[in-house]
Amino acid sequence: MKYLITVAAFGLSAALHAVECPADFAKTLPESMSQKDRDLQCSKEVARRAELARQQEANKAKQASRKAARAEARADDYQDENAQLQEENRRLKQQLNQLASDRYQPSASNSKLTPEQDFARARKAADQGDASAQADLGMMYREGRGVGKDPAQAVHWFRKAADQGNAKGQVRLAGMYVRGEGVARDNDRAFVLLKLSVAQGEPSGMYGLGWMYANGRGVAKDEKEAVSWYRKAAEQGYADGQASLGFMYRDGTGIAKDDAQALHWFRKAAEQGSALAQASLGGMYANGQGVAKDDVQAVSWYRKAAEQGDAQGQHMLGVMYQYGRGVGKDEKEAVNWYRKVAEQGGAKGLASLGIMYRDGRGVAKDEAQALSLFRKAAEQGSTLAQASLGAMYRDGTGVAKDEAQAVSWFRKAAEQGDAQGQHMLGIMYRDGRGVAKDEAQALSWFRKAAEQGNALAQAALGAMYANGQGVAKDDVQAVSWFRKAAEQGDAYGQTNLGLRYEKGLGVTKDDGEAVNWYRKAAEQGYARGQYRLGLMYVNGKGIDKNDNLAALWYRKSAEQGYPEGQFALGWVYQQGRGVSEDDRVAAEWYRKAAEQGVAGAMNNLGQMYRRGEGVPRDESLALSWIRKAAEAGDENAKSTLKNW
């Protein structure tokens, strides 16, 4: 049932609204109550509830009003508090800035300070217990920056920093233990210090641990573990770790060889300014390792390293200038860069500069200066210098000839595995120069060098097999070693391989192949190869007979002083083969060959004197030359003497 309620009584409206009796209230009314009374009670209950609802709404409105008033008041308070906080922050910031300006800064940031000022600043902070300053102060003592070098003081300050847990101090102290600098060498202690630094995430310590594992210092050598630590350092951006990881990939040490990865890590380190990595990256470009060969790029990276004073970069830049690779050939500039390395005491620079002085390339020839430079480098263990110094003693160049000294220096180089030194020592043993002749020793040293790919030694070893010196004669082995040398472009090896083909020794006889190898040697200017090629043209062996070309190659050989070539050129002039017949010229070339001991030339010259052909007739001189020829074993001369 709906009831008419006067809403105006509640201050809302004069309209009447019909409402129902609340069900919960209706249940409470007695069933015996009359309908009229029931309606009245319901109307009152509805009115009561309406009043309660109105009061609740009013209360809510009051609460909202009060809340808004309180919020407005708080906003005013907050503005005041914020202004106070901002002022406090400004004041604190000023104080912090002042503290920062007074606090020790690492030496690298104090570029405007003199070394002495830098030292004084670090010393003050270090005395106050600043661990970073103590670590820096140790480096100043070690390097002599702003103070005299003092390794013991360096250790003292590194230790103070390390004892406070400073990671850089720990790494630097470890370095002193490894080197035995200012403290007794102690690799075990160094290893512990590096482990402590690594526990703090110090990348230089990770690199140090890699080095320890790579070299077996303070721990069993483990190249794989070295790679692991180098990688950790590298991945944190530590340049030395990146460069070292590059070396491991390049050389296949502790990890599969991978030139592309080596290039990647060298580049990362190089772009951070690591001179070692820049020089190594230059080498990758120069050799085409992991990247297309590019001498211009190689020069660019070598130069970056060189301009930082890196000896390897300077030396390689000198090499590029010397041979005109990636840059215009300039031997004076090569000398300039070699000199920079030499002034640092670098053995490579000393040796290379010695060669330039010895040969007068880019600088006035000065054998005494070359000798001095070679000696300095040789005493540092440079095998190039040792072999070069040995050659100077062997030949009496810039120093009194002393073959025993030559052997001594060749041996030093040879025993370090230097192929050039091994080859030269083999020659001395083969020929009994400066040491008792010993063909077995000669063979041994030739073999060591030959197995390293030294072409001169390969050819010399081939000759030992060909002649049965120090080993049973073996034409097949001779051909094998001559071929190895020949294929590397060695003219001696090419000529001897040609001779093997011409004679059918150790290989199937093949005059065409003989001509091929003789030509290769001849075109390099090798006099014996030119002579042999001339013979093939004269006789039409393996090639069409051609007297003109025979004379041409004989001349090239003869003009280099090759005695057989001189004899052959005399013969073509005497016979008019490929040249106009001319006995006078023939006699001149016979004389040159005869004076070098060619028996046939001696006999022919004697016969020309006997007949007065090209020279005045002179039986005394004729007899003299023919007798010399006979003594040298010439059968024609012997026959002539029998009938004289």
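Here the structure is shown first, and the text comes after it.
How each quantity is defined
Residues numbered from 1 in each chain as written. Predicted model: local features only at pLDDT ≥ 70, side-chain atom pairs only at ≥ 80, totals over all residues. Heavy atoms only, no water. Helix = DSSP H or I, 4+ residues; strand = E, 2+ residues; numbered from the N terminus. Expected span 1.5 Å × (residues − 1). Contact = heavy atoms within 4.5 Å. Polar contact = N/O pair within 3.5 Å; in protein donor to acceptor, adjacent residues only side chain to side chain. Salt bridge = Lys/Arg side-chain N within 4 Å of Asp/Glu carboxyl O. Buried < 20%, exposed > 50% of the residue type's maximum accessible area, 1.4 Å probe, protein only. Disulfide = S-S within 2.5 Å. Phe/Tyr/Trp six-rings, centres within 6.5 Å; stacked < 30°, edge-to-face > 60°. Lys NZ or Arg CZ within 6 Å of the ring centre and 35° of its normal. Core = buried A, V, L, I, M, F, W, Y, C linked by side-chain atoms within 4.5 Å. 1 Å grid on protein atoms, 1.4 Å probe; cavity = no way out; pocket = protein on both sides within 12 Å on 5 of 7 lines; lining within 4 Å. Points joined across faces, edges and corners; volume = space filled by probe spheres on them.

Caption draft 1: Structural detail: helix H11 (residues 259-271). Its 13 residues give H11 an end-to-end C-alpha distance of 18 Å, which sits within 8% of 18 Å, the value for a rise of 1.5 Å per residue. In the core, the buried residues of H11 are packed alongside helix H9 (223-235), helix H10 (239-251), helix H12 (275-287) and helix H13 (295-307). Of the residues flanking the start of H11, the one acting as N-cap is Asp258, its side-chain oxygen 3.1 Å from the backbone nitrogen of Ala260. Directly after H11, the chain includes Gly273, whose backbone phi takes a positive value near 100 degrees.

Caption draft 2: Broad picture of the pattern of salt bridges. Enumeration according to the criterion identifies 27 salt bridges in this entry. With a closest N to O distance of 3.4 Å, Lys638 and Glu635 form a salt bridge. Remark: Glu635 and Lys638 occur in helix H32 (residues 635-642); sequence separation between them is three residues, near one turn of the helix. Given a relative accessible area of 34%, Lys638 falls into the partly exposed group. By relative accessible area, Glu635 is classed as exposed at 55%. Via salt bridges that share partners, Arg142, Arg179 and Glu181 belong to a single interconnected network.

Caption draft 3: Here's a closer look at the state of the cysteines. Considering all chains together, one arrives at one disulfide under this definition. The side chain of Cys21 participates in a disulfide bridge whose partner is Cys42; the two sulfur atoms lie 2.1 Å from each other. The sign of the S-S torsion, about -65 degrees, decides the handedness of the disulfide formed by Cys21 and Cys42: left-handed. Placement of Cys21 in the loop between strand E2 (16-20) and helix H1 (23-26) and of Cys42 in helix H2 (residues 35-102) is noted, with a sequence separation of 21 residues between them. Neither residue differs from the other here; Cys21 and Cys42 are each classed as buried.

Caption draft 4: Quick look at the packing of aromatic side chains. If you walk through the whole model with that rule in mind, you get eight aromatic pairs. Clustering of aromatic rings is evident, with ring pairs tying together Tyr207, Tyr230 and Tyr238. A cation over an aromatic ring shows up here: Lys232 above the ring of Trp229, its NZ or CZ 5.3 Å from the ring centre. Note that Lys304 overlies the ring of Trp301, its terminal NZ or CZ placed 5.5 Å from the centroid.

Caption draft 5: Representation of the nonpolar core in the model. Grouped together as the largest cluster of nonpolar side chains are 161 residues, with contacts concentrated most on Leu137 and Tyr554. Excluding residues that lie within four positions of it along the chain, Leu137 makes contacts with Phe119, Ala122, Arg123, Ala126 and Trp157.

Caption draft 6: The layout of surface pockets, seen in detail. Put simply, the largest pocket is a space of about 520 Å³. Forming the walls of the largest pocket are 18 residues, and the residues nearest its centre are Val171, Gly175, Arg179, Ser204 and Tyr207. Mapped by element, the contributors of at least two residues to the lining of the largest pocket are helix H4 (131-143), helix H6 (167-179) and helix H8 (203-215). No other element matches the seven residues that H6 contributes to the lining of the largest pocket.

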